[in-house]
Amino acid sequence: MFKRIPTHCFSVVALAFAPALALALPACAGGYVDVDGSDAAYVETAPVGIEAYPRYAFGDGYVYDVNGRYYHRHEGRWVVYRHAPAGMAHVRDERGRAERQR
């Protein structure tokens, strides 16, 4: 009923899918990339009303603390950091947020 497939066919199939597998592996590893020395993931959009959340000076802009998740506009795209990025200056912004130095 079933034909036995020669083992060399599996090698050909494996080689054909190797590039796709190489591209998919970073996503399997949590999807995090290095952004300014911290683990981050790119997101399509920032949360609605992100400007209303506490923000802290960081690099070329701000990091927004949205319920414990840290969002930053990086090179025209939004990223969410896995942890608060190292070197993030917790200082009072113009809206009078609480001060905390790191």
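Residues numbered from 1 in each chain as written. Predicted model: local features only at pLDDT ≥ 70, side-chain atom pairs only at ≥ 80, totals over all residues. Heavy atoms only, no water.

**What about the pattern of salt bridges?**
Pairing is possible between side chains that carry opposite charge, provided their charged atoms lie close to one another.
Part 1: Following the criterion strictly, the structure yields one salt bridge and no others.
Part 2: Here arginine 82 and aspartate 39 are joined by a salt bridge, their closest N and O atoms 3.6 Å apart. A residue pair is termed long-range when its members are at least 10 positions apart, and arginine 82 in the segment after β6 (77-81) and aspartate 39 in strand β2 (residues 38-43) qualify at 43 residues.
Part 3: Note on arginine 82: relative accessible area 45%, which makes it partly exposed.
Part 4: Exposure remark for aspartate 39: the relative accessible area of 38% places this residue in the partly exposed category. (Salt bridge = Lys/Arg side-chain N within 4 Å of Asp/Glu carboxyl O. Helix = DSSP H or I, 4+ residues; strand = E, 2+ residues; numbered from the N terminus. Buried < 20%, exposed > 50% of the residue type's maximum accessible area, 1.4 Å probe, protein only.)

**Notes on the packing of aromatic side chains**
Part 1: This structure, assessed with the given rule, holds two aromatic pairs.
Part 2: For the pair phenylalanine 58 and tyrosine 81, a centre-to-centre distance of 6.0 Å together with 80 degrees between the ring planes defines the contact as edge-to-face. Here tyrosine 81 lies in strand β6 and phenylalanine 58 lies in strand β3 (residues 55-58), a separation of 23 residues in the sequence.
Part 3: According to the relative accessible area criterion, phenylalanine 58 is buried, its value standing at 8%.
Part 4: Positioned above the aromatic ring of tyrosine 62 is the side chain of arginine 55, whose terminal nitrogen or guanidinium carbon lies 3.9 Å from the ring centre.
Part 5: In this structure, arginine 77 packs its charged tip against the face of tyrosine 42, placed 3.9 Å from the ring centre. (Phe/Tyr/Trp six-rings, centres within 6.5 Å; stacked < 30°, edge-to-face > 60°. Lys NZ or Arg CZ within 6 Å of the ring centre and 35° of its normal.)

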